[in-house]
Amino acid sequence: PGFRIELHIKDLNNALNAGHAVSAPLPLTAQAMEMMQVLKAHGFEKEDHSSLVRYYETISGIELSRG
C-alpha cells in the first residue's frame, strides 16, 4: 500500500526495457503497464495500486460502491 501508480509505471518501464534487451517476452508485465497507463490517463497517477479497481470500473462502465 502507498506505492504510487507513477512509480509502478517507472518500474514496469525498467522491467519491459530489460526484457526487450534480452528478447524475453513479458506479456503480463505489458498488461500491467497498460492498466497503469489507463489510470495515469485518468489522473490517478498519485494514488496507490489499490486504485486498480478504478481500471476495472473504467473498462466496465460500472462504479463500485465507495461506502
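Per-chain numbering applies: the sequence of each chain, read as written, is numbered from 1 onward. Only residues with pLDDT of 70 or above have their local features reported here, since the model is predicted, and side-chain atom pairs are shown and tallied only from 80 upward, although totals for entire chains, interfaces and linings are computed over all residues. Heavy atoms from the whole structure form the basis of all side-chain values; hydrogens and water molecules are not counted.

Colleague: Is there a simple way to think about the nonpolar core in this case?
Modeller: Nonpolar side chains tend to gather and get buried jointly when the protein is soluble and globular. Ile-5, Ile-9, Leu-12, Leu-16, Met-33, Met-35, Met-36, Val-38, Leu-39, Phe-44 and Tyr-55 together form the largest nonpolar core, which totals 11 residues. Comment: elements are numbered from the N terminus, with helices defined as DSSP H or I runs of at least four residues and strands as E runs of at least two. Those elements that provide at least two residues to this core are α1 (5-21) and α2 (27-41). With five residues, α2 is the largest single contributor of residues to this core. Whether two residues touch is decided by their heavy atoms; if any such pair falls within 4.5 Å, the residues are in contact. Not counting the four nearest positions on each side in its chain, Phe-44 is found in contact with Ile-5, Leu-39 and Arg-54. Put simply, a nonpolar core is a bunch of buried Ala, Val, Leu, Ile, Met, Phe, Trp, Tyr and Cys residues held in one set by side-chain atoms that sit within 4.5 Å of each other. Working definition: with a 1.4 Å probe on protein chains only, accessible area under 20% of the residue-type maximum means buried, over 50% means exposed, and in between means partly exposed.

Colleague: Is there a simple way to think about the pattern of salt bridges in this case?
Modeller: Two side chains bearing opposite charge may form a pair once their charged atoms approach each other closely. Note on definitions: salt bridges are taken to be side-chain nitrogens of Lys or Arg within 4 Å of carboxyl oxygens of Asp or Glu. Applying the stated criterion across every chain yields a total of four salt bridges. Two residues, Lys-46 and Glu-6, come together in a salt bridge whose shortest N-O distance is 3.1 Å. Note that Lys-46 is positioned in the loop between α2 and α3 (52-60) and Glu-6 in helix α1, a separation of 40 residues in sequence. Under the relative-accessibility criterion, Glu-6 is labelled partly exposed at 24%. Its salt-bridge partner being Lys-10, residue Asp-11 comes within 2.9 Å of it at the nearest N-O pair. Among the residues examined, Asp-11 registers a relative accessible area of 35% and is labelled partly exposed. Overlapping salt bridges, with partners in common, bring together Arg-4, Glu-6 and Lys-46 in one network.

Colleague: For this particular structure, what's the right way to read the packing of α1 against α2?
Modeller: The relative placement of two packed helices is expressed as an angle between their axes plus a distance between the axes. A fitted line through C-alpha atoms serves as each axis, taken over the contacting stretch for helices, and the angle formed by two N-to-C directions is quoted from 0 to 180°. Running from N to C, α1 and α2 cross one another at 150 degrees; their axes reach a closest spacing of 10 Å. Overall, the two elements α1 and α2 adopt an arrangement that is roughly antiparallel. α1 and α2 meet at a crossing whose hand is left-handed. Of the residues in α2, those touching α1 at Ile-5, His-8, Ile-9, Leu-12, Asn-13, Ala-15 and Leu-16 are Thr-29, Ala-30, Ala-32, Met-33, Met-36, Gln-37, Leu-39 and Lys-40. Only Asp, Glu, Lys and Arg are considered charged, only Ala, Val, Leu, Ile, Met, Phe, Trp, Tyr, Cys and Pro nonpolar, and every remaining residue, Gly among them, polar. Tallied by class, the residues present in the contact of α1 with α2 amount to 10 nonpolar, four polar and one charged. By definition in this entry, angles of less than 35 degrees are roughly parallel, angles greater than 145 are roughly antiparallel, angles of 65 to 115 are roughly perpendicular, and the rest are oblique. Take the far helix as the reference: if the near one is turned anticlockwise from it by less than a right angle, the crossing is left-handed, and if turned clockwise, right-handed.

Colleague: What is the right way to read unusual backbone geometry from this model?
Modeller: Glycine aside, residues mostly have negative phi angles, and peptide bonds mostly take the trans form. At Ser-23, a residue that is not glycine, the phi angle is positive and equals roughly 55 degrees. By the element assignment, Ser-23 lies in the loop between α1 and α2. Assessed through its relative accessible area of 67%, Ser-23 is described here as exposed.

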